[in-house]
Amino acid sequence: MGLRRGAATDRGRMREGNEDSYLAAGPLAAVADGMGGHRAGEVASATAMDQLSTLRDGGPWKDDRAAGEALKRAVAEANRRIRELAAGDKALEGMGTTLTALLEDGDSVHLAHVGDSRAYLLRHGELSGLTEDHTLVQELVRQGRLRPEDAERHPQRSIITRALGVDSDVEIDTATYKIVPGDRLLLCTDGLSGVVDHTRIRNVLLRTPDPQQAADKLVALANEAGGPDNITVIVLDAEGVTTAAEPTGDLAAEDGEAGPGSDNDPDDAMVTGLQRVGPGAGRRARGEPGRAGRPRRRRVRRVLTVLLVVAALAGIVVAGRALVFSRYWVGFHGDRVAVFRGVPGEVAGIGFSRLVADTEVTRAQVPPARASDLEAGVAAKDRADAFRIARCAPAVYTGCPADGAAPTTTTVGVTTTAGPSTTTAPPTTTPAG
Ligand code: MG
């Protein structure tokens, strides 16, 4: 089908070097996030790219299966080469790399994936993940021991359970997707996905038609957010990409920044709720020349309309208030973790929240990562759930099964080797970041 592409990599603002590598050539696109002391990570990720590039002129493939197998073989070979290099050089000992690789073949894309770099698909305005992180926190999410929303900001989220270079028999996730014109694919390292949230990534992809500009913008966003890690991004467009022209229209609901008039982006008008209520409908009515023959009727109709609108607004306010105060959330009240009714935050300077009760849990007991969640307010399903969340706030992650049970703090080290589906090799830790 032919993929138009843009790619960018950046050291970020905290790291001394860039251990990420990428490949965007022919039918191949891949990102790799290397790890290891000194420049070993760089060697590992570059070796993976070098090995993959041997596939460049490997096609055309007999069928999807053949192409997928070829990609998988190349990744396994990259693993072998990285281990071989590490074994022959003390300075490279223990190096490893993530790899998320894509091989395009006609209207199919084949993915091979190890580690916590990611592939996404933007289709009809929706951004979906195509890969699953091989991380400890993802493993805990799968086991139901950690909530997905907590995983995104978990301090240990960069501990990965699979990498090239670690084990001679690396497990490689593979998948094949059919792409259609208009699809946009994103490959990135965790310097982007761990730093810039899903909605903002989607918005950039929706609003930036040129793939190179989109890649550059995503890198810039990660840097604006502090750039704690190396950042690598590849954006690939299946021919005929449409971006802001066909969003789903639900952007305003999910992204506070996307409200009408929030910035000067002309695309905003198309992607916010304005579209849902019928773009231009009101404007057209206002712009119509008045009919001189029936001024009185028009006046009556206008008054009725105003009355109806006022009544509807009053109804919305009453119903909205009842709805808002039927909810519970958990946050800080002074030095205590407390349960509230309503919703956190303010709208136009007005709060919609009242205190239900303080709990025994103090701010000092709450780990910093959790404290920032609570600072913003954590939504609860109901009153009981709110108290459960409050009681469990001291846990790094929810080890709080039964109501009334004392919260337990599980340390990551304990869980590392316990899970049946982790690899036999010890997990690889990326440099702190
Ligand atoms: Mg990284």
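Residues numbered from 1 in each chain as written. Predicted model: local features only at pLDDT ≥ 70, side-chain atom pairs only at ≥ 80, totals over all residues. Heavy atoms only, no water.

**Some words on the overall build of the protein chain**
A count of helical and extended segments in the protein chain gives 14 helices and 17 strands. Across the 433 residues that make up the protein chain, the buried fraction comes to 45%. (Helix = DSSP H or I, 4+ residues; strand = E, 2+ residues; numbered from the N terminus. Buried < 20%, exposed > 50% of the residue type's maximum accessible area, 1.4 Å probe, protein only.)

**Quick word on the pattern of salt bridges**
As enumerated under the stated definition, the model contains 21 salt bridges in all. With a shortest N-O distance of 2.3 Å, glutamate 132 and arginine 142 are connected by a salt bridge. You can see glutamate 132 sitting in the loop between β8 (126-129) and α3 (136-142) and its partner arginine 142 sitting in helix α3, a full 10 residues away along the chain. Across the salt bridge formed by arginine 147 and aspartate 150, the nearest N and O atoms sit 3.1 Å from each other. A relative accessible area of 17% places arginine 147 in the buried class. Connected through shared salt-bridge partners, Arg4, Arg184 and Asp237 make up one network. (Salt bridge = Lys/Arg side-chain N within 4 Å of Asp/Glu carboxyl O.)

**A look at the coordination of the magnesium ion**
Coordination of the magnesium ion by the protein involves Asp33 (OD), Asp190 (OD) and Asp229 (OD), with metal-donor separations of 2.0 to 2.2 Å. Going along the chain, you hit the donors of the magnesium ion in the pattern D-x156-D-x38-D. Highlighted residues: aspartate 33 in strand β3 (residues 28-35) and aspartate 229 in the loop between α7 (211-224) and β12 (231-238), separated in sequence by 196 residues. For aspartate 229, a relative accessible area of 10% translates into the label buried. (Donors = N, O, S within 2.8 Å, 3.2 Å for Na, K, Ca; no water.)

**Description of the pairing of strand β7 (residues 118-123)**
By the criterion of burial, β7 is predominantly enclosed, with 5 of the 6 residues buried. Strand direction decides the pairing type here: β7 and strand β11 (residues 184-188), joined by 5 bridges, are antiparallel. Bridge pairing links leucine 122 to arginine 184 in β11. Across 4 bridges, β7 lies against β8 in antiparallel orientation. For arginine 123, the partnering residue across the bridge sits in β8 and is glutamate 126. In sequence, β7 turns back onto β8 through a hairpin of 2 residues, with histidine 124 there showing a positive phi of about 50°. (Pairing = 2+ DSSP bridges.)

**A short note on helix α1 (residues 40-52)**
For α1, which comprises 13 residues, the first-to-last C-alpha distance of 19 Å matches the rise-based estimate of 18 Å (1.5 Å per residue) to within 8%. What α1 keeps buried is the set Ala40, Gly41, Ala44, Ser45, Thr47, Ala48, Met49, Gln51 and Leu52. Buried residues in α1 make contact with β2 (20-25), β3, α2 (64-87), β4 (96-97) and β5 (99-105). (Expected span 1.5 Å × (residues − 1). Contact = heavy atoms within 4.5 Å.)

**Things to note about a nonpolar patch on the surface**
A surface patch of nonpolar side chains, about 370 Å² in accessible area, is lined by Val300, Val303, Leu304 and Leu307. As for its placement among the helices and strands, valine 300 is situated in helix α11 (residues 295-324). (Patch = residues over 30% accessible without salt bridge, like charges linked within 9 Å, V, L, I, M, F, W, Y side chains within 5 Å. Areas by Shrake-Rupley, 256 points an atom, 1.4 Å probe, with all protein chains shown as cover.)

**Here's the deal with the nonpolar core**
In terms of nonpolar packing, the biggest core is built from 30 residues, with Leu52, Leu55, Leu99 and Leu164 touching the most fellow members. Breaking this core down by element, the ones donating at least two residues are β2, β3, α1, α2, β5 and β6 (108-114). The biggest single contributor to this core is α2, with 8 residues. With residues up to four places along the chain from it excluded, the contact list for leucine 99 reads Ala30, Val31, Ala32, Ala48, Met49, Leu52, Val75, Ala112, His113, Val114 and Leu164. Residues Val196, Ile201, Ala214 and Val219 belong to the second largest nonpolar core, which totals 21 residues. (Core = buried A, V, L, I, M, F, W, Y, C linked by side-chain atoms within 4.5 Å.)

**Quick notes on the packing of α1 against α2**
It is the contact of α1 with α2, at a shortest axis distance of 9 Å, that shows an interaxial angle of 140°. Our classification of the angle between α1 and α2 gives oblique. In the packing of α1 onto α2, the handedness of the crossing is right-handed. Here Val43, Ala44, Thr47, Ala48, Asp50, Gln51 and Leu52 of α1 come into contact with α2, specifically with Leu71, Ala74, Val75, Glu77, Ala78, Arg81, Ile82 and Leu85. Broken down by class, the residue content of the contact of α1 with α2 amounts to 10 nonpolar, 2 polar and 3 charged. (Axes fitted to C-alpha atoms, helices over the stretch in contact; angles between N-to-C directions. Parallel < 35°, antiparallel > 145°, perpendicular 65-115°, else oblique. Left-handed = near helix turned anticlockwise from the far one by under 90°. Nonpolar A, V, L, I, M, F, W, Y, C, P; charged D, E, K, R; others polar.)

**Description of the packing of aromatic side chains**
On inspection of all chains with the given rule, the structure shows 1 aromatic pair. Seen in terms of ring centroids, tryptophan 329 and phenylalanine 340 are 4.3 Å apart; in terms of plane orientation they differ by 15°. Their pairing is stacked. A residue pair is termed long-range when its members are at least 10 positions apart, and tryptophan 329 in strand β13 (residues 328-333) and phenylalanine 340 in strand β14 (residues 336-347) qualify at 11 residues. Neither tryptophan 329 nor phenylalanine 340 differs from the other in exposure class; each is buried. The cationic tip of arginine 363 hangs over the ring face of phenylalanine 332; the distance from NZ or CZ to the ring centre is 4.0 Å. (Phe/Tyr/Trp six-rings, centres within 6.5 Å; stacked < 30°, edge-to-face > 60°. Lys NZ or Arg CZ within 6 Å of the ring centre and 35° of its normal.)

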